[in-house]
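The lines below spell out each chain.
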Amino acid sequence: MFTTTVRRPAARRSSVDTQHLDWCGGGHHCGLGEHRSAPITAKLPGAGTVVITRVQTARGRQYADVHLSVALPDADTAARYQLSALLHHLTRLMSAINRHHARAGR
Ligand SMILES: [Zn+2]
């Protein structure tokens, strides 16, 4: 079981030069041509936290900016094993998402 938190976007200021996207957080979330959504935070008690933000670069490419904070065991060997497992599972997850995305035709 985990909990999620969504920060409300900052109040938008209209600007002649800036066209924010519907999902853009506006305000301090974006700048220099990059747009960023309000971050969504999921906390898993005892396990860690994940924060995900949708981003569009100035060139129009979109990606997910993901920050993880994962609790590690105190024992060094166990911590190293967990880090290795984390890297393994994250790379598998990214590959699976890319395969699914490619099959869906983008
Ligand atoms: Zn924006």
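About the criteria used
Residues numbered from 1 in each chain as written. Predicted model: local features only at pLDDT ≥ 70, side-chain atom pairs only at ≥ 80, totals over all residues. Helix = DSSP H or I, 4+ residues; strand = E, 2+ residues; numbered from the N terminus. Buried ≥ 20, exposed ≤ 12 C-beta atoms within 10 Å, placed from the backbone. Pairing = 2+ DSSP bridges. pLDDT = per-residue confidence, 0-100. Contact = placed C-beta atoms within 7 Å.

**Notes on the overall build of the chain**
If you tally the helices and strands in the chain, you get 1 helix and 5 strands. Sequence-ordered secondary structure for the chain, helices as α and strands as β, is β-β-β-β-β-α. Burial analysis of the chain (106 residues in total) assigns 6% to the buried set.

**Observations regarding the environment of R61**
Structurally, the position occupied by R61 is in the loop between β4 (48–56) and β5 (62–70). Residues R61 and E34 lie 27 residues apart in sequence; the distance between their C-alpha atoms is 9.6 Å.

**Structural notes on the pairing of β5**
Looking along a regular strand, one sees the side chains alternate between the two faces of the sheet. Of all the 9 residues making up β5, 0 are buried; the element is thus mostly uncovered. The turn linking β4 back onto β5 is made up of 5 residues, and G60 within it adopts a positive phi angle of 95°.

**Section: the confidence of the model for the chain**
Looking at the chain, pLDDT values average 86 and 87% of them are 70 or higher. By mean pLDDT, strand β1 (residues 3–6) is the weakest element of the chain at 74, and strand β3 (residues 40–44) is the strongest at 97. Taken as a whole, residues 11–16 scores under 50 in pLDDT and shows 3 contacts with residues more than four places along the chain or in a different chain.

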